[in-house]
Amino acid sequence: QKEVEQNSGPLSVPEGAIASLNCTYSDRGSQSFFWYRQYSGKSPELIMSIYSNGDKEDGRFTAQLNKASQYVSLLIRDSQPSDSATYLCAVLNDYKLSFGAGTTVTVRA
Amino acid sequence: EAGVTQSPTHLIKTRGQQVTLRCSPISGHTSVYWYQQALGLGLQFLLWYDEGEERNRGNFPPRFSGRQFPNYSSELNVNALELEDSALYLCASSLFRGAMVTEAFFGQGTRLTVV
């Protein structure tokens, strides 16, 4: 079982729509959860961090965490062409920050 | 404030050679992580250093090694390079306080090509 799994994608959404990204993790003791955005050929860029159950909003981004279900999600509202990238879910436990394989999002103009 | 810096940005090496990659963390950060990202693939965890100590190691052969210096900068060494070592090597830093790790920020990466 992979430590972090993301919906495989690719995900194509029209401009202005909501993009929904999902992530599950295997270690129930995981402490911290992050979403990164990675443009092709570039390094990952931190978008959001979330540490407790519930929702966390930052601009057009909302992260949701449900530790009982071992599930993290990211919503991108009012999607823009500049949001086209690969989104990486990362989970921290025991001196290791593990990443999912990523979901590639394409926003259609 | 300067972010995480890595050097060099690109390099080309011949199979069998050795290479050293360098990383300077954000000022005040004590933890440094190293990842390998082969073309089109995900981030594979290599090493985690904190306060000069190796805290965890990914599933890589011993020819991948590193260290962290008293100023928290770090080196990644790869011996006996193989063609499949060609990848983007990423360094990230964060602050580690007890059981909590703050957000990790990445450098721009070093693109290694082995020929």
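Participant: Just to check I follow, could you spell out the overall build of chain B for this structure?
Facilitator: Along chain B, the regular secondary structure elements total zero helices and 13 strands. Walking chain B from its N terminus toward its C terminus, one meets helices and strands in the order β-β-β-β-β-β-β-β-β-β-β-β-β. By the compact-globule yardstick of 13 Å for 115 residues, chain B fits well, its C-alpha radius of gyration being 13 Å. Its C-alpha atoms put chain B at 40 × 30 × 25 Å along the principal axes. Out of the 115 residues in chain B, the part that is buried amounts to 51%. Within the structure as shown, chain B displays about 5,400 Å² of accessible surface, and the carbon and sulfur contribution to it stands at 51%. Between the centroid of the 9 positive side chains of chain B and the centroid of its 10 negative side chains there is a distance of 6 Å.

Participant: Please clarify how the environment of Gly107 of chain B should be interpreted in this entry.
Facilitator: Assignment of secondary structure puts Gly107 of chain B in the loop between strand 12 (105-106) and strand 13 (110-114). Taking C-alpha positions, Gly107 of chain B is 9.4 Å from Ile26 of chain B, a pair spaced 81 residues apart along the chain. Apart from the residues lying within four places of it in its own chain, the contact partners of Gly107 of chain B are Ser43 of chain A together with Val4, Gln6, Leu90 and Cys91 of chain B.

Participant: Sorry, what's going on with the interface of chain B and chain A here?
Facilitator: Frequently, the measure chosen for interface size is the accessible area removed from exposure when the parts meet. Residue-level contacts link 22 residues of chain B with 19 residues of chain A. Among the residues of chain B in contact with chain A, Leu43, Glu103 and Phe106 of chain B are the three that bury the most area, contributing 26% of the side total. The interface formed by chain B and chain A contains zero salt bridges. At the level of secondary structure, the elements contributing two or more residues to the side of chain B that touches chain A comprise strand 4 (31-37), strand 5 (44-50), strand 6 (53-57), strand 9 (87-94), strand 11 (100-101) and strand 12 of chain B. Here the side of chain B that touches chain A takes three residues from strand 4 of chain B, the largest share from any one element.

Participant: Looking at this model, I keep getting lost on the layout of surface pockets. Mind explaining?
Facilitator: One simple way to see leftover space: roll a probe sized like a water molecule over the atoms. A volume near 730 Å³ is recorded for the largest pocket. Along the wall of the largest pocket there are 32 residues; nearest its centre are Gln37, Leu41, Gly42, Leu43 and Gln44 of chain B. The set of elements that each furnish at least two residues to the lining of the largest pocket consists of strand 9 (85-93) and strand 10 (96-99) of chain A together with strand 4 and strand 5 of chain B. When the residues that make up the lining of the largest pocket are grouped by side-chain class, the tally is 14 nonpolar, 13 polar and five charged.

Participant: When you look at the nonpolar core in this model, what are you seeing that I'm missing?
Facilitator: In globular proteins that are soluble, nonpolar side chains generally tend to be buried together. Trp35, Val72, Leu74 and Tyr87 of chain A are the most contacted members of the largest nonpolar core, which totals 23 residues. At the level of elements, strand 3 (19-25), strand 4 (32-38), strand 5 (45-50), strand 7 (61-66), strand 8 (71-76), strand 9 and strand 11 (103-108) of chain A are the ones that each hand at least two residues to this core. Counting residues in each nonpolar core, the second largest holds 22 residues, with Trp34, Leu47, Phe64 and Ala87 of chain B among its members.

Participant: How do you make sense of the state of the cysteines when you look at a structure like this?
Facilitator: Any covalent bond linking the sulfur atoms of two cysteines counts as a disulfide. Applying the stated rule across the entire model yields two disulfides over all chains. In this model, Cys23 of chain A is linked to Cys89 of chain A through a disulfide, with the two sulfur atoms separated by 2.1 Å. Taking the sign of the torsion about the S-S bond as the criterion, the disulfide between Cys23 of chain A and Cys89 of chain A, at about -70 degrees, is left-handed. Residue Cys23 of chain A is found in strand 3, and its partner Cys89 of chain A is found in strand 9; the two are separated by 66 residues along the sequence. Like Cys89 of chain A, Cys23 of chain A is buried. Bridging Cys23 of chain B to Cys91 of chain B, the disulfide has an S-S length of 1.8 Å. The disulfide joining Cys23 of chain B to Cys91 of chain B has a torsion of about -60 degrees about its S-S bond and is therefore left-handed. With Cys23 of chain B in strand 3 (residues 19-24) and Cys91 of chain B in strand 9, this pair connects stretches of sequence that are 68 residues apart. According to the relative accessible area criterion, Cys91 of chain B is buried, its value standing at 0%.

Definitions and limits used
- Residues numbered from 1 in each chain as written.
- Chains lettered and ligands numbered in written order.
- Predicted model: local features only at pLDDT ≥ 70, side-chain atom pairs only at ≥ 80, totals over all residues.
- Heavy atoms only, no water.
- Helix = DSSP H or I, 4+ residues; strand = E, 2+ residues; numbered from the N terminus.
- Rg over C-alpha atoms; globule rule 2.2 N^0.38 Å.
- Buried < 20%, exposed > 50% of the residue type's maximum accessible area, 1.4 Å probe, protein only.
- Areas by Shrake-Rupley, 256 points an atom, 1.4 Å probe, with all protein chains shown as cover.
- Lys, Arg positive; Asp, Glu negative; His and termini not counted.
- Charge placed at Lys NZ, Arg CZ, Asp CG, Glu CD.
- Contact = heavy atoms within 4.5 Å.
- Buried area = accessible area lost by both parts, 1.4 Å probe.
- Salt bridge = Lys/Arg side-chain N within 4 Å of Asp/Glu carboxyl O.
- 1 Å grid on protein atoms, 1.4 Å probe; cavity = no way out; pocket = protein on both sides within 12 Å on 5 of 7 lines; lining within 4 Å.
- Points joined across faces, edges and corners; volume = space filled by probe spheres on them.
- Nonpolar A, V, L, I, M, F, W, Y, C, P; charged D, E, K, R; others polar.
- Core = buried A, V, L, I, M, F, W, Y, C linked by side-chain atoms within 4.5 Å.
- Disulfide = S-S within 2.5 Å.

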